[in-house]
Amino acid sequence: MRSALLAISGAMTCIPSLCFAQQSAPDPLAQPGEEREIVVTGSRLSETLEDYPGSSTVLGEDAIQAQLGTTRDIASVLAFSVPGLSASSNTAANVEQSLGGRPLRIFIDGVPVSNPLRDGGRDLRLIAPSAIGGVEVIRGASAVYGQGGAGGIINYVTRRGKPGEAWWFRSEAGLGFSTQAFSDSLNPSFSQSGSGSIRYFDVTFAGRYERGRGQLDAEGDRLPPDPHDFGGIADSNIWNFFGKVGYTSGSHRIEAVFNYYDQHQDSEYIRVTGNIPLNRKATAVKGSYDPRALDPINRNVMGYLGYYNDNLLGAFHAQLYHLSSYSVFGFNAARLGGTQTTINSKKTGLQADFTTPFEKLGLGTGKITWGDDVARDVTEQPLIPLTDRPGDGRTFTPPLEQMNYAAFIQIDKPLTDWLTLNAGIRHDEFTLTIDDFVAGLTNVHVTGGKLKYSATPINVGLTLKPAKSFEIFAGFSQGFSIPEIGTPLRNVSVSNLDGFNPEPQLVNNYEAGIRGTLLGINFAAAYYISTADFGTDFIIDPLAPTEALTLREKERVEGFEISLSGRVGRGTRWSAIFSHNQGMRDSNRDGILDTPLSNRRIGPDQLNLAVDQDVTQNWSLRAQFNHSGPRNAFPGAAVGNFYTGRIRPVSRFDLSSTLKIKPFDLSLGVSNLFNADYYSVTSQLLNRNDLYAKAEGRTVFIKLGVEY
């Protein structure tokens, strides 16, 4: 099969890409009378949102900017806007953010930036908001995106200029601070962006610097620099540089993109452990770290070269990409006498597809999207510093090299004027090479080897349109990923991998829903079920209390989501989103689902409300409300048992205002307007005394921008 896939790849003489066909269609959730369009540029699904048989969300630049008035965290923006996405921790990491109870996969302009071989949860915050022109989210497993992302995919669509466009620049300065302790929380930011063209060339760029100082709770006390042990942003310098150059001539376009993101934390504060039974919060005081400890870092460099031709067997899209990421995690004094880990990962990919109208093939209406992928991923997670025990050269995750070859076909076929069929199939082959290594937690010297996997996921769905403003959809889709392999490798107790063959995960996703407009109210609702015979969940390792073990058991997730939006008059817009999910696993492998999935997988219910008011043509107000519900799936869990904490309901109000007087614009936003004093959802679900930190208190954000 590999030779066949390589033959397909070779036949495509241009550089392959993750393709993302551009499709324009009237937005089914647009306000009545509006001619707003949604452009799906980050989706491999060839259909528009009108006939896509599943749930999706597209955020335009204006929607993103409206929420950035009260946060700098793009993960918080997404959690408020995307049904089923768990609450953000407002840190450098998104480990605990699942989508519909399953992991998500992140793309930047179609380049996969997630790290499935060793998920460090550092992929949602890898690009500055000033470089983002939109975000596209498709929920549920999908057969066309390849490995990972059983919960769905999130694609950041970067800004793009146009040939012949006049030059445009924007400068922006921002300031954030806590109302409880101004000087200790002062967080300045500066950004510069612009775009323009020179004949057939267009140029887009964005640069941003942000200095993060302290994060403070409602009582004015400092949060720990790394509140949840996944990566913090307090006391950090954050840099982002983004550039895009395109050349367009007729139906041809060549595009080159570069993105550099670097977050470096250097704090003089250390954690003071809390106590869950005594309701004592974790805080921070000035102190010294172990002299062996490296500063936490989150660095990502991504680039791609793309070719687009809208007149080659329909539309052809191609990319060659390379991604290099480096993350340094916090020092752990309890592990092997004091160590920390880094994740080093390099990815190179060739991907391509065609979107061919059926009429070119003599098959009537509709279209077919088809293509192939070739990708190489090299990832490792060493332990540093090496312990001083004789012959000890342990690693948390040994060097892994994965090769992936894939081909896929996706069809979009109108069966009648009111019924559309969508169906697809993909075949993946994986070869994973593991070097010789010394297991991190057992000190066993292990001879490496090769693991091979393959999968052929499918998807099929129907969209029924009985009326112009009403749709019913139903679909079945599958997603595939190899297991997160780093965790079991650090616990290996034998000297070879002969019996080591972790089962791949194939997720079956069933979904049905409705969407449309009724009495001026836009609505969308969906119910889904997701099953897997070898799911992935996490519990505490009884032999190493500071570590988590990976579970591979039969499981089922189900949930529903509801989205509403509308207008009151011409100047008031409102929206409401509610999402709920639940999940169970087969803990004793008797075929019965008897144990709830952990809090890392299943988050509490989320209710998000927003009202935007145009006071005048140049002055607008926005109020938003988030309520996170309770979850107490493990009432007898002991403190310290990962991801089993009791989650109590929390609520937060945010308020922002924007005034535009050309060429200037000024925004003032307040997060947690009423200074609610509560423990963050992440701190509660982790169930660990040392990580029992509160959420940020009232925080003010001021931004002044000028366009010229």
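Here's what I pulled together on the structure shown here. Starting from 1, residues in each chain are numbered consecutively following that chain's sequence as written. Residue-level local features of this predicted model are given only where pLDDT is at least 70; pairs of side-chain atoms are given and counted only at 80 or more, and the full residue set underlies all totals for whole chains, interfaces and linings. Hydrogen atoms and water are omitted, and side-chain values are computed over all heavy atoms in the structure.

## Some remarks on the overall build of the protein
Helix and strand counts for the protein come out as 5 helices and 37 strands. Within the protein, the proportion of its 708 residues that are buried is 57%. Whether two residues are in contact is decided by their heavy atoms, any of which lying within 4.5 Å being enough. Taking all contacts inside the protein whose residues are at least 6 apart in sequence as the whole, residues at least 24 apart take part in 68%. Surface accessibility follows the Shrake-Rupley procedure with a 1.4 Å probe radius. Residue values consider only the protein chains on display as shielding. Approximately 28100 Å² of the protein is accessible, and the part contributed by carbon and sulfur atoms is 59%. The helix and strand labels rest on DSSP assignments: H or I over at least four residues marks a helix, E over at least two residues marks a strand, and numbering proceeds from the N terminus. Think of it in three bands: with a 1.4 Å probe and only protein chains considered, a residue is buried below 20% of the maximum accessible area for its type, exposed above 50%, and partly exposed in between.

## Some details on the sheet that holds strand β7 (residues 152-158)
Only when DSSP finds a minimum of two bridges between them are two strands counted as paired. Spatially, β3-β6-β7-β4-β5 is the arrangement adopted by the 5 strands of the open sheet, whose pairing is mixed. What marks the edges here is a single partner per strand, and that holds for β3 (56-60) and β5 (111-112). Pairing of β3 with strand β6 (residues 132-139), which is carried by 5 bridges, proceeds in the antiparallel orientation. By the bridge assignment, G60 is partnered in β6 with G134.

## Thoughts on empty space enclosed by the protein
Both cavities and pockets are sets of points on a 1 Å grid over the protein atoms alone; in a cavity a 1.4 Å probe fits but cannot get out, in a pocket the set is open with protein on both sides within 12 Å along at least five of seven lines, and lining residues sit with an atom within 4 Å of a point. Grid points are joined across faces, edges and corners, and a volume is the space filled by probe spheres set on the points. Tallied over the entire structure, the rule returns 12 cavities of 30 Å³ or more. If you add up the space inside the largest cavity, you get close to 830 Å³. At the level of elements, α3 (74-81), β10 (201-212), β33 (606-614), β34 (619-628), β35 (650-661) and β37 (699-707) are the ones that each hand at least two residues to the lining of the largest cavity. Within the lining of the largest cavity, the residues separate by chemical class into 14 nonpolar, 23 polar and 9 charged. Volume-wise, the second largest cavity comes out at about 230 Å³. Residue lining of the second largest cavity: 20 residues in total, with R105, P112, Y321, A375 and N404 positioned closest to the centre. Elements represented by at least two residues in the lining of the second largest cavity include exactly β4 (104-108), β17 (340-357), β18 (367-384), β19 (395-414) and β20 (419-434). Sorting elements by how many residues they give to the lining of the second largest cavity places β18 first, with 4 residues. Polar here means any residue other than Ala, Val, Leu, Ile, Met, Phe, Trp, Tyr, Cys and Pro, which are nonpolar, and Asp, Glu, Lys and Arg, which are charged; Gly is therefore polar. In the lining of the second largest cavity, the residues fall into 8 nonpolar, 6 polar and 6 charged.

## Here's the deal with the pattern of salt bridges
Basic side-chain nitrogens of Lys or Arg form a salt bridge, by our definition, when they fall within 4 Å of a carboxyl oxygen of Asp or Glu. A complete count under the given rule lists 34 salt bridges for this structure. Two residues, E707 and R170, come together in a salt bridge whose shortest N-O distance is 3.3 Å. You can see E707 sitting in strand β37 and its partner R170 sitting in strand β8 (residues 168-178), a full 537 residues away along the chain. Given a relative accessible area of 36%, E707 falls into the partly exposed group. Here D290 makes a salt bridge to R292, at a shortest N to O gap of 3.0 Å.

## With respect to the nonpolar core
Soluble, globular proteins show a tendency: their nonpolar side chains are buried together. Grouped together as the largest cluster of nonpolar side chains are 35 residues, with contacts concentrated most on L78, V135, I154 and Y156. Elements supplying a minimum of two residues to this core: α3, β4, β6, β7, β11 (236-249), β12 (252-265), β15 (297-309) and β16 (315-328). Examining the composition of this core, we find that 4 residues originate from one element, α3, more than from any other. With residues near it in sequence (within four places) discarded, V135 still touches T57, V58, L59, I64, L78, I154, N155 and Y156. L117, V444, F480 and I485 belong to the second largest nonpolar core, which has 19 residues in total. The term nonpolar core refers to a set of buried residues drawn from Ala, Val, Leu, Ile, Met, Phe, Trp, Tyr and Cys, joined through side-chain atoms within 4.5 Å.

## With respect to the side chain of N675
The residue N675 is located in the loop between β36 (664-671) and α5 (681-686) in this model. We define a polar contact as two N or O atoms separated by no more than 3.5 Å, with the added condition that, inside protein, one atom must be a possible hydrogen donor and the other a possible acceptor, whereas residues neighbouring each other in sequence contribute only through side-chain atom pairs. Side-chain polar atoms of N675 contact the backbone oxygen of A218, separated by 3.0 Å. Beyond its immediate chain neighbours, meaning those up to four positions away, N675 contacts Q180, A218, G697 and R698.

## Section: the packing of aromatic side chains
Here the aromatic set is Phe, Tyr and Trp, taking the six-membered ring for Trp, and pairing holds for ring centres within 6.5 Å; pairs whose planes are under 30 degrees apart are stacked, those over 60 apart are edge-to-face, and all others are tilted. Per the stated rule, a full pass over the model turns up 20 aromatic pairs. Through a chain of ring-to-ring contacts, three or more aromatic side chains come together here, namely W167, F169, F205 and Y708. Put simply, a charge is over a ring when the Lys NZ or the Arg CZ is close to the ring centre, within 6 Å, and near the line of the ring normal, within 35 degrees. One cation-aromatic arrangement involves R490 over F396; the distance from NZ or CZ to the ring centre is 3.8 Å.

## Details of the environment of G559
With respect to the helices and strands, G559 occurs in strand β30 (residues 555-568). According to the relative accessible area criterion, G559 is buried, its value standing at 2%. Along the primary structure G559 and Q582 are separated by 23 residues, whereas in three dimensions their C-alpha atoms are 6.2 Å apart. Those residues in contact with G559, other than ones at most four positions away along the chain, are A526, Y527, Y528, H580 and N581.

## Focus: the side chain of R72
One can find R72 in the loop between α2 (61-67) and α3. Separated by 2.8 Å, the side chain of R72 and the backbone oxygen of N187 make a polar contact. Only 3.5 Å separates the side chain of R72 from the side chain of S189, close enough to count as a polar contact. Once you skip the residues sitting within four places of it in the chain, R72 turns out to touch R125, G174, L175, G176, N187, P188, S189, R208, E210 and F701.

## Comments concerning the environment of R299
Turning to its location among the elements, R299 is positioned in strand β15. When the C-alpha atoms of R299 and S324 are compared, they prove to be 8.3 Å apart, with 25 residues separating the residues in sequence. Residues within four places of R299 in sequence aside, it is in contact with Y260, Y261, D262, S324, S325 and Y326.

## Some remarks on unusual backbone geometry
At the junction of K662 and P663, the peptide bond is cis and its omega measures out at 5 degrees in the coordinates. For R199, which is not glycine, the phi torsion reads 55 degrees and is therefore positive. Relative to the elements of secondary structure, R199 occurs in the loop between β9 (187-198) and β10. Owing to a relative accessible area of 67%, R199 belongs among the exposed residues under this scheme. With phi around 55 degrees, N279 is a residue other than glycine that occupies positive phi space. Here N279 shows up in the loop between β13 (269-272) and β14 (283-286).

## Some remarks on a nonpolar patch on the surface
Surface patches are drawn from residues lacking salt bridges whose relative accessible area is over 30%; two like charges belong together within 9 Å, two nonpolar side chains (Val, Leu, Ile, Met, Phe, Trp, Tyr) within 5 Å. A surface patch of nonpolar side chains, about 860 Å² in accessible area, is lined by W167, I198, Y200, F201, V245, Y247, I254, L305, L320 and L350. Its place among the elements puts Y247 in strand β11.

Purely geometric stuff here, so don't read any function into it on its own.
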